[in-house]
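Coordinate analysis (summary)
This is what each chain is made of:
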Amino acid sequence: GAVVSQHPSRVICKSGTSVKIECRSLDFQATTMFWYRQFPKQSLMLMATSNEGSKATYEQGVEKDKFLINHASLTLSTLTVTSAHPEDSSFYICSASSGTGINQPQHFGDGTRLSIL
Amino acid sequence: AQSVTQLGSHVSVSEGALVLLRCNYSSSVPPYLFWYVQYPNQGLQLLLKYTTGATLVKGINGFEAEFKKSETSFHLTKPSAHMSDAAEYFCAVSDQSNDMRFGAGTRLTVKP
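Owing to the predicted nature of the structure, the values given are computational and were not obtained by experimental measurement.

Calculation rules
Residues numbered from 1 in each chain as written. Chains lettered and ligands numbered in written order. Predicted model: local features only at pLDDT ≥ 70, side-chain atom pairs only at ≥ 80, totals over all residues. Heavy atoms only, no water. Pairing = 2+ DSSP bridges. Helix = DSSP H or I, 4+ residues; strand = E, 2+ residues; numbered from the N terminus. Axes fitted to C-alpha atoms, helices over the stretch in contact; angles between N-to-C directions. Contact = heavy atoms within 4.5 Å. Buried area = accessible area lost by both parts, 1.4 Å probe. Salt bridge = Lys/Arg side-chain N within 4 Å of Asp/Glu carboxyl O. Buried < 20%, exposed > 50% of the residue type's maximum accessible area, 1.4 Å probe, protein only. Disulfide = S-S within 2.5 Å. pLDDT = per-residue confidence, 0-100.

Turning to the sheet that holds strand 8 (residues 73-78) of chain B, a few remarks are in order. All names here are of chain B. Read across the open sheet, the five strands follow the order 1-3-8-7-6; overall the sheet is antiparallel. Taken across any chain shown, the strands that pair with only one partner, and hence form the sheet edges, are strand 1 (3-7) and strand 6 (56-58). Taken over all neighbouring pairs, the strand axes of this sheet differ in orientation by 20° on average, direction set aside.

What follows concerns the interface of chain B and chain A. Every contact between the two is made by 23 residues of chain B and, on the other side, 24 residues of chain A. Of the roughly 1,600 Å² buried between chain B and chain A on both sides combined, carbon and sulfur atoms contribute 50%. The three residues of chain B that bury the most area against chain A are B:N41, B:N98 and B:F102, which together make up 30% of that side's buried surface. Summed over the shared surface of chain B and chain A, the number is one salt bridge. Here A:E59 makes a salt bridge to B:R101, at a shortest N to O gap of 3.1 Å.

The subject of this paragraph is the environment of A:A30. Residues and elements named next belong to chain A. Topologically, A30 is positioned in the loop between strand 3 (19-25) and strand 4 (32-38). Its relative accessible area of 0% is what places A30 among the buried residues. Excluding residues within four positions of it along the chain, A30 makes contact with S25, E52, H71, L74, A96, S97 and S98.

Here we take up the pattern of salt bridges. Inspection of every chain in the model, using the stated rule, returns six salt bridges over all chains. A salt bridge links A:E22 to A:R24; its shortest N-O distance comes to 3.4 Å. With a relative accessible area of 24%, A:E22 lands in the partly exposed category. With a closest N to O distance of 2.8 Å, B:K78 and B:D85 form a salt bridge. You can call B:K78 buried: its relative accessible area is 11%. Residue classification places B:D85 among the buried positions, given a relative accessible area of 3%.

Moving on: the state of the cysteines. Counted by the stated rule, this structure contains two disulfides over all chains. The disulfide bridge from A:C23 ends at A:C94, spanning 2.0 Å between sulfur atoms. Measuring handedness by torsion sign, the sulfur bridge of A:C23 and A:C94 sits at about 80° and is right-handed. Here A:C23 is found in strand 3, whereas its partner A:C94 is found in strand 9 (residues 90-97), with 71 residues between them in sequence. Here A:C23 falls in the buried class, since its relative accessible area comes to 0%. The side chain of B:C23 participates in a disulfide bridge whose partner is B:C91; the two sulfur atoms lie 1.9 Å from each other. The chirality of the disulfide connecting B:C23 with B:C91 is left-handed, given an S-S dihedral of about -65°.

Before going further, it helps to spend a moment on the sheet that holds strand 7 (residues 67-73) of chain A. Residue and element names in this part refer to chain A. With antiparallel pairing, the four strands of this open sheet are ordered in space as 1-3-8-7. In this open sheet, the two strands that pair with only one neighbour each are strand 1 (4-7) and strand 7. For this sheet, the mean angle separating the axes of adjacent strands, direction not counted, is 15°. As judged from the four bridges shared by strand 1 and strand 3, these two strands associate in the antiparallel manner. Each residue of the ladder has a partner; that of Q6, found in strand 3, is C23.

Following A:H7, the chain continues into A:P8 via a peptide bond in cis, with omega recorded as 0°. As for its position among the elements, A:P8 is in the loop between strand 1 and strand 2 (10-13).

A word on the confidence of the model for chain B. Here chain B shows a mean pLDDT of 93. Residues at 70 or above account for 100%. By mean pLDDT, the top-scoring element of chain B is strand 8 of chain B (98), and the lowest-scoring one is strand 10 (residues 100-102) of chain B (89).

Here the focus is the pairing of strand 11 (residues 112-116) of chain A. Residue and element names in this part refer to chain A. Of the two faces of strand 11, only one is covered, namely that formed by T112, L114 and I116; the face formed by R113 and S115 stays uncovered. The pairing of strand 2 with strand 11 spans four bridges and is classified as parallel. Residue pairing across strands places R10 opposite R113, the latter belonging to strand 11. One ladder, built from three bridges, connects strand 9 with strand 11; its direction is antiparallel. Across the sheet, S90 pairs through a bridge with L114, a residue of strand 11.

This is the structure in structure tokens:
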């Protein structure tokens, strides 16, 4: 159980394009979803936390107008990288949890490798 | 604020040898501690976690970790390395709100 599907797994696009990444909880209701960014050979950096039906909470230094997060249902959250540029190239990972407490673990998707040419 | 420090960005062991990956944490509240494994181009898989209770935690694939409050450590061990253990390992700390902070990661290489 507790499967999180992330799509697409890889995307390559031209500079200036907007890219949408989907994160779905397949067998549980995800009231909270997390979006992380991982640079090569580095750790995961939390970008934002989203609760279903509410606006996402962004970490300091993350541009909310650049990285649009929508969590419109209990099984789907999307991250849209608007007007992407080469510096946005990275590995983006989502996780989903059925609650906000520590007893509700985060379940991770397999990530999306975004390459901006 | 919470944080973790993983000592050693790269650890190399021979197959069958002991694996020891080090993690020290900083937390102003009782910490919840995790170890995750990441294979290339994949997400994170939970190996084990400590929340409360027994300080020696056993996880999947033969891994275990011990919470030592006096040393603010949560080192990951496995008695005998297998080739399939080669991956990136992340230590993470969280509080009750599930706000998780990750270490920089340790790449484990297993030599035949």
